[in-house]
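Residue strings, one per chain:
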Protein chains: 2
Amino acid sequence: MIYKKLDQPNLLLPKGFSACGTHVGIRKNPNKLDFCLLKSDVVSNAVAVFTTNKFCAGPVIVSRDHIYPSKKLQAIVVNSGNANAGTGEQGIKDSQEITKLIGDKLQMDSSLVAPMSTGVIGNNLPMDKIRNSIDSLNPSSKISNGIDFAEAIKTTDTTSKKSGYKMIIDEKEVHLCGIAKGSGMIHPNMATMLGFITSDVNIDVDCLDELLKESVKYSFNAISVDGDTSTNDSVYVLANGKAQNKELNKNHPAWGDFCDVFQQLCQSLAIQIAKDGEGASKLIVVNVLNAITKEDAVQVGRSVISSNLLKTAMYGNDMNWGRIACAIGYSGVDIDISKTEIYAGDNNEIELMKHGQGLQFDETTAYAYLEQNEIHFTINLNLGNQDAKAWGCDLTNEYVFINGAKRT
Amino acid sequence: MIYKKLDQPNLLLPKGFSACGTHVGIRKNPNKLDFCLLKSDVVSNAVAVFTTNKFCAGPVIVSRDHIYPSKKLQAIVVNSGNANAGTGEQGIKDSQEITKLIGDKLQMDSSLVAPMSTGVIGNNLPMDKIRNSIDSLNPSSKISNGIDFAEAIKTTDTTSKKSGYKMIIDEKEVHLCGIAKGSGMIHPNMATMLGFITSDVNIDVDCLDELLKESVKYSFNAISVDGDTSTNDSVYVLANGKAQNKELNKNHPAWGDFCDVFQQLCQSLAIQIAKDGEGASKLIVVNVLNAITKEDAVQVGRSVISSNLLKTAMYGNDMNWGRIACAIGYSGVDIDISKTEIYAGDNNEIELMKHGQGLQFDETTAYAYLEQNEIHFTINLNLGNQDAKAWGCDLTNEYVFINGAKRT
């Protein structure tokens, strides 16, 4: 299989998908898009992962009901500025009404529409504004419409998160696109943000479901901004088959390559979220080597990138590697201190710890490295042969400022 | 049983205990005490809980070996400014040497001496300075010596943590005293700081062991400052029997009362630590009511006080209760959203959520309440009849400043 990653934002919508975004007044700033729609021309295979937060939002409950067990969907409608969480029965009813309004407009059953909301917790949606805006939604396949969708789902995000791949399967051009949002309330314990992955690939839906669940472990679930798992986290995948390749499944020769590309797309979106963490000034990449299992490797990595103490040290350009050792130690993974090694640097140039003991390193070199906006650590557990990465960001005064500010 | 809590710092050392603190140069500031000793005139019953961090420090390993399985101890030697963690085999050897030096000085077997260190991770102890200072340690039972000990174990603490109770058991005066430290790297998943509890009570050591393990769950393990579980966390209890009461055990009529006092002492020390969290401007108290089990109640409370998003909102005096609902939801405890209630206020005056739905409240009143330096939330799960509390602090710019600053 040949594939190449296309530059953003050239590829946002695969064949047969259209989108749009508009301002309906949920957000105060009239220039901020806050309501958007993504649709497929035909009914798509659809799978999703949702937050495991018990206080999950109304739209999570309704989306889950609409996607499972049918695994079919044709449209997703999203608002930002209001999470429709902590809104009780009314919240569920409002999400259901929105799917009905969109279903009527697009002439499809409301069960083929998934609703999602993101923003402040605890307020009911302004349904009048939403009802009045349905007519103004006009999805198209233009690039600018995909960009509008990506803009409309943003909350405290400073950038929109997008990734697109093109590949050839059975001599057919197949597109895989992803749009995501997330900046605060990001913690690796489940799907940790909103992600919308679309493809024109023809694929067995059960294989797709498995692929998504496996891929999020090492992408969306391998990042952390602040340790808080949101009430609304969801990643959706829609595959409409318009590429007309032979149905992809585990027996198809291109299956392995497609899984790799899918994983890369998920990681690309996840890294963009970690990098744009609220108030973050730098991306922290932790590469864990030679764990007994891949799950162990990602668990150690997540523990390290979630450490407030490491995150503040990174903000202060302080190579306080003891905080990494500490976070490895409380990760819950069985480690052997005497075998553990810690390195910093894009090529592991700065040796920090071996055999459980700190090494002498040049503080000036270390400080200069930490001034970069992307910091790499490598942890070699020397226990097995499984590797994984995790991504996070520093904890800054700006984070405290953003989250200490009034909701309004 | 009659008991009363004595005002600090009147009661720091029970009968038969002595202490001292000195400056040996581990910390740069010559006015900062950094080395100290606590001893009993006679061999004491001793129990302890230690960090579950796999990267535990040398002194944790040596202390555990000296206390278990014998459950006997006569002295504890502590330094601040250096955690002796991430120091490999040498770290263990250094801790062992210190117990030997103290044992020789006090003419007791080194296995009766427990070592402890607290401070920066990753540097070997300056053993020459320590060896040279052994002669200058002169423990006495004077109040000022107890105060010196409490001062010498501080790191970023702005206050020393002390609590003392006096009670009558079998017509004998019994004293129970506690000294603790902790300000950063505090997270409720195990013993989360250093605590030294001493008593002249005559008590069965296995009962004491059980009592400590039960009490830490609802005191030291019910607080969080920053979500990081330290490499050195330890709580020690020494009981030397000098009060000459009949041996306390589960069949003694005063057992229940003694357990209550012990729990109060642990909670008092834990609250002092939460209140003095690095950079904290206020104490946050979360009272969880009507859980199915007491463990569930404390788990919900710990989840809430650990939320970075709630902690920053508290710093900003923003009654963003949705972040409390979110943290209840990801606590891992099975809850029923439709039954959950959230209140703020010393007497639950501010109703925030009922039946999983937000309520209207007066923002001005809420802001004024959050400006206090002690904030109370009550979460009623309405599922059972078990209650527990958890204590935390806000996340401030000062925290970021303290932890972003260079180690030196």
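Keep in mind the model is a prediction, meaning the values are calculated, not measured.

1. A short note on the overall build of chain A
And step 1. When helices and strands are counted, chain A shows 11 helices and 16 strands.
And step 2. Relative to its length of 408 residues, chain A is compact, with a C-alpha radius of gyration of 22 Å against a globular reference of 22 Å.
And step 3. Structurally, chain A occupies a C-alpha span of about 70 × 55 × 35 Å along its principal axes.
And step 4. Residue pairs in contact within chain A that sit at least 24 positions apart in sequence constitute 81% of those at least 6 positions apart.
And step 5. A total accessible area of about 14,400 Å² is found for chain A, and carbon and sulfur atoms account for 45% of it.

2. Some thoughts on the interface of chain B and chain A
And step 1. Contact with chain B, which involves 64 residues of that partner, is made by 64 residues of chain A.
And step 2. Both faces considered, chain B and chain A share a buried interface measuring about 4,700 Å² in area, 55% of it formed by carbon and sulfur atoms.
And step 3. When residues of the side of chain B that touches chain A are traced back to their parent elements, those giving at least two are helix 2 (88–106), helix 8 (308–315), helix 9 (322–329), strand 14 (357–358), helix 10 (363–370) and helix 11 (397–404) of chain B.
And step 4. Looking at the side of chain B that touches chain A, its residues break down into 23 nonpolar, 30 polar and 11 charged.

3. Brief notes about the packing of helix 5 (residues 205–217) of chain A against helix 6 (residues 255–275) of chain A
Residue and element names in this part refer to chain A.
And step 1. The geometry of helix 5 relative to helix 6 is characterised by a closest axis approach of 10 Å and an angle of 45° between their N-to-C directions. The angle between helix 5 and helix 6 places the two elements in the oblique class. The interaxial crossing formed by helix 5 with helix 6 has right-handed handedness. Every residue of helix 6 that contacts helix 5 at C207, L208, L211, L212 and S215 is listed here: W255, F258, C259, F262, Q263 and C266.
And step 2. Residues of the contact of helix 5 with helix 6, tallied by class, amount to 9 nonpolar, 2 polar and no charged.

4. With respect to helix 4 (residues 143–152) of chain B
And step 1. Regarding helix 4 of chain B, the residues found buried are B:N145, B:G146, B:F149, B:A150 and B:A152.
And step 2. Taken together, the buried residues of helix 4 of chain B touch strand 2 (17–22), strand 3 (35–50), strand 4 (72–82), strand 6 (161–169), strand 7 (172–181) and strand 8 (194–199) of chain B.

5. Description of the environment of B:K172
Residues and elements named next belong to chain B.
And step 1. Looking at where K172 falls in the secondary structure, it is placed in strand 7.
And step 2. Residue K172 is classed as partly exposed on the basis of its relative accessible area of 34%.
And step 3. Those residues in contact with K172 that lie beyond four places of it in its chain are M167, A243, Q244 and N245.

6. With respect to unusual backbone geometry
Residues and elements named next belong to chain A.
And step 1. Between Y68 and the following residue, P69, the backbone shows a cis peptide bond with an omega angle of 5°.
And step 2. Along the chain, P69 turns up in the loop between helix 1 (58–67) and strand 4 (72–82).
And step 3. Here the phi dihedral of K71 falls at roughly 55°; this positive angle occurs in a residue that is not glycine.
And step 4. Among the structural elements, K71 can be located in the loop between helix 1 and strand 4.
And step 5. Even without being a glycine, E171 presents a positive backbone phi close to 65°.
And step 6. Turning to its location among the elements, E171 is positioned in the loop between strand 6 (161–169) and strand 7 (172–181).
And step 7. According to the relative accessible area criterion, E171 is exposed, its value standing at 79%.

7. Some thoughts on helix 2 of chain B
All names here are of chain B.
And step 1. With 19 residues, helix 2 should cover 27 Å at 1.5 Å per step; its first-to-last C-alpha distance of 28 Å lies within 8% of that length.
And step 2. For helix 2, the set of buried residues is G91, I92, D94, S95, I98, T99, I102, G103 and L106.
And step 3. Where helix 2 is buried, its residues contact strand 3, helix 1 (58–67), strand 4, strand 5 (113–120) and helix 3 (127–133).
And step 4. Phi for Q107, located one or two positions after helix 2, is positive at around 55°.

Rules of the game
Residues numbered from 1 in each chain as written. Chains lettered and ligands numbered in written order. Predicted model: local features only at pLDDT ≥ 70, side-chain atom pairs only at ≥ 80, totals over all residues. Heavy atoms only, no water. Helix = DSSP H or I, 4+ residues; strand = E, 2+ residues; numbered from the N terminus. Rg over C-alpha atoms; globule rule 2.2 N^0.38 Å. Contact = heavy atoms within 4.5 Å. Areas by Shrake-Rupley, 256 points an atom, 1.4 Å probe, with all protein chains shown as cover. Buried area = accessible area lost by both parts, 1.4 Å probe. Nonpolar A, V, L, I, M, F, W, Y, C, P; charged D, E, K, R; others polar. Axes fitted to C-alpha atoms, helices over the stretch in contact; angles between N-to-C directions. Parallel < 35°, antiparallel > 145°, perpendicular 65-115°, else oblique. Left-handed = near helix turned anticlockwise from the far one by under 90°. Buried < 20%, exposed > 50% of the residue type's maximum accessible area, 1.4 Å probe, protein only. Expected span 1.5 Å × (residues − 1).

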